[in-house]
Amino acid sequence: MRTPLLEQGSGVGKILFFDAFSGVAGDMTIAALLDLGVPLLVIEHAVAALPLEGVFLERGHVHRSGIVSTSFEVHVETPQPERTYASIDAMLTSCPLEPEVRALARRIFRRLGEAESAVHRMPLDEVHFHEVGAVDAIVDIVGAAAALVYLGAEVRGAPLPMGRGFVKARHGILPLPPPATVECLRGVPTYGVDLDAELVTPTGAAILATAAGRFERWPTFAPERVGWGAGSRELPDRPNLLRVVLGARGGDTDEPAIGASHVVLEANVDDMTGEMAAHAIEALFAAGALDAWAVPITMKKGRPALTIAALAPAPQADAVGATLLRETTSIGLRKIPVTRTERPRRTVAVDTAYGRVRVKISEGPFGPPQIKPEFEDCAAAAKTHGVALREVIQAALAALAV
């Protein structure tokens, strides 16, 4: 019997727990989320936004220890260039992904890039993605980001099992767990198992370490839906499966209110320079904030000060809050659960005399659509062609009207 598909936002105010008793990989992550009830169309739509040719997705089913689970494979039928971190990040920045999906995918890839940069002792932008940078990894990360944003749940993970042994890679023989995996898992609880196998891949480690705000053996919550994702190999002592569980929160008191899709985090500071405040706001965006700002205030004893604040999706609230404390001089912060009404948005690309420009269109039952050419595209085109910015904006609007 097939489980009904989940609707967008089905996880808002709930916990999505990754029970990774056999480890985690990119394909297992997407497979488990599909099995949970995320529509395959969500993954396909996100992947279709990428400028990749000859890539096909396949969903299947596998029996492991009597458990019927979902499998997910990426088939690449055309030659692909070798990509650097800088080229992948540029791809994600320029393609028409949903803003929250793009932000999460970029954060995951940045974790991967920084891990490879640390292992190979080279600048981040020059890192070449070999094992973790193949097209299937790009698809796995973007697809996982799209599925997690679609659900909107708070992600938590179990401590991860670390296998032993060695694996043959492009750079030679590497120890298990792979060096990049260990770098990705800084701060994540792990434990050793007596098994010569790669249980946690760099891609899987980057996805879970970036998306999860907390790691524990099992959260206090009421399970509602369960999804099973199959790995590609058979393991001798356990089923090679990833279990994801979506459930209602328990009695936690330090959590966003049920039904809150976003959290406003803010702190008052009276001993920061303007330069430090600007840097903090930039760091908040990098940590996953959808918006960040500074407001002048007056504190006790008439001291001029700033409120540094950020709006974050509930699943990213812990990461954004940690950044707020790290990048400001505050010793505490406030968390305010909120909900957000959004116009349905889409992005189209139009051809102008100054090149291709992306245009954002916000619609819905809120009056006439809001139409806005992408500022960065227009600014770059204006600079390239030596014309005024407003001329490019007008050309993009005119091309859309045609």
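As the structure is a computational prediction, the values presented were derived from the model and not from experiment. Each chain has its residues counted from 1, following the order in which its sequence is written. In keeping with the predicted nature of the model, local features appear solely for residues at pLDDT of at least 70, side-chain atom pairs appear and are counted solely at 80 or more, and the whole-chain, interface and lining totals rest on all residues. Values shown for side chains rest on all heavy atoms present in the structure; no hydrogens or waters enter the calculation.

**Overview of the sheet that holds strand E17 (residues 355-362)**
Read across the sheet, three strands follow the order E16-E17-E18 without closing on themselves; strand pairing throughout is antiparallel. With one partner strand each, in any of the chains shown, strand E16 (345-352) and strand E18 (370-373) form the two edges of the open sheet. Sheet twist, expressed as the mean angle between neighbouring strand axes with direction ignored, is 25 degrees. The sheet contact formed by E16 and E17 spans eight bridges and is antiparallel. Across the sheet, Val-348 pairs through a bridge with Val-359, a residue of E17. Whether two strands pair depends on DSSP finding at least two bridges between them. In DSSP terms, a helix is any run of H or I states spanning at least four residues, a strand is any run of E spanning at least two, and both are numbered starting from the N terminus. For helices, the fitted line uses only the C-alpha atoms of the stretch in contact; every axis is such a line through C-alpha atoms, and the angle between N-to-C directions lies from 0 to 180 degrees.

**Some details on unusual backbone geometry**
Put simply, Leu-176 and Pro-177 share a cis peptide bond, and its omega is -5 degrees. Position of Pro-177 relative to the elements: it lies in the loop between strand E7 (172-175) and helix H6 (179-184). Despite not being glycine, Ser-65 shows a phi value in the positive range, around 55 degrees.

**Remarks on the environment of Thr-323**
In this fold, Thr-323 is placed in helix H9 (residues 317-327). Residues Thr-323 and Arg-390, 67 residues apart in the sequence, show an inter-C-alpha distance of 36 Å. Beyond its immediate sequence surroundings of up to four residues, Thr-323 is in contact with Ala-283, Leu-284 and Ala-287. Contacts were defined at the residue level, with two residues in contact if any of their heavy atoms lie within 4.5 Å.

**Points about the confidence of the model for the protein chain**
A residue's pLDDT is the confidence the predictor assigns to it, expressed on a 0 to 100 scale. Chain-level statistics for the protein chain give a pLDDT mean of 89 and a share of 96% at 70 or above. Model confidence for the protein chain, summarised as mean pLDDT per element, is weakest for strand E6 (residues 166-169) at 82 and strongest for helix H1 (residues 26-36) at 97. pLDDT under 50 marks residues 251-258. Its contacts with residues more than four places away, or in other chains, come to 14 contacts.

**Here we look at helix H3 (residues 85-94)**
Residues separated by three or four positions in an α-helix point in the same direction, a consequence of the helix having 3.6 residues per turn. What H3 keeps buried is the set Tyr-85, Ile-88, Asp-89, Met-91 and Leu-92. End-on view of H3: buried residues confined to an arc of 155 degrees, all on one side of the axis. Tucked inside the fold, the buried residues of H3 contact helix H4 (99-120) and helix H5 (135-151). Each residue gets one of three labels from its accessible area relative to the maximum for its type: buried under 20%, exposed over 50%, partly exposed in between, using a 1.4 Å probe on protein chains only. It is the directions from the helix axis to the C-beta atoms that the arc portrays.

**Some details on the pattern of salt bridges**
One side-chain nitrogen of Lys or Arg within 4 Å of one carboxyl oxygen of Asp or Glu is enough to make a salt bridge. For the structure shown, the criterion picks out 18 salt bridges. The shortest N-O distance in the salt bridge between Arg-358 and Asp-377 comes to 2.9 Å. Of this pair, Arg-358 sits in strand E17 while Asp-377 sits in helix H10 (residues 375-385), and the two are 19 residues apart along the sequence. Each member of the pair, Arg-358 as well as Asp-377, carries the same accessibility label: buried. Salt bridges sharing partners connect three or more residues here, namely Glu-154, Arg-156, Glu-216 and Arg-249.

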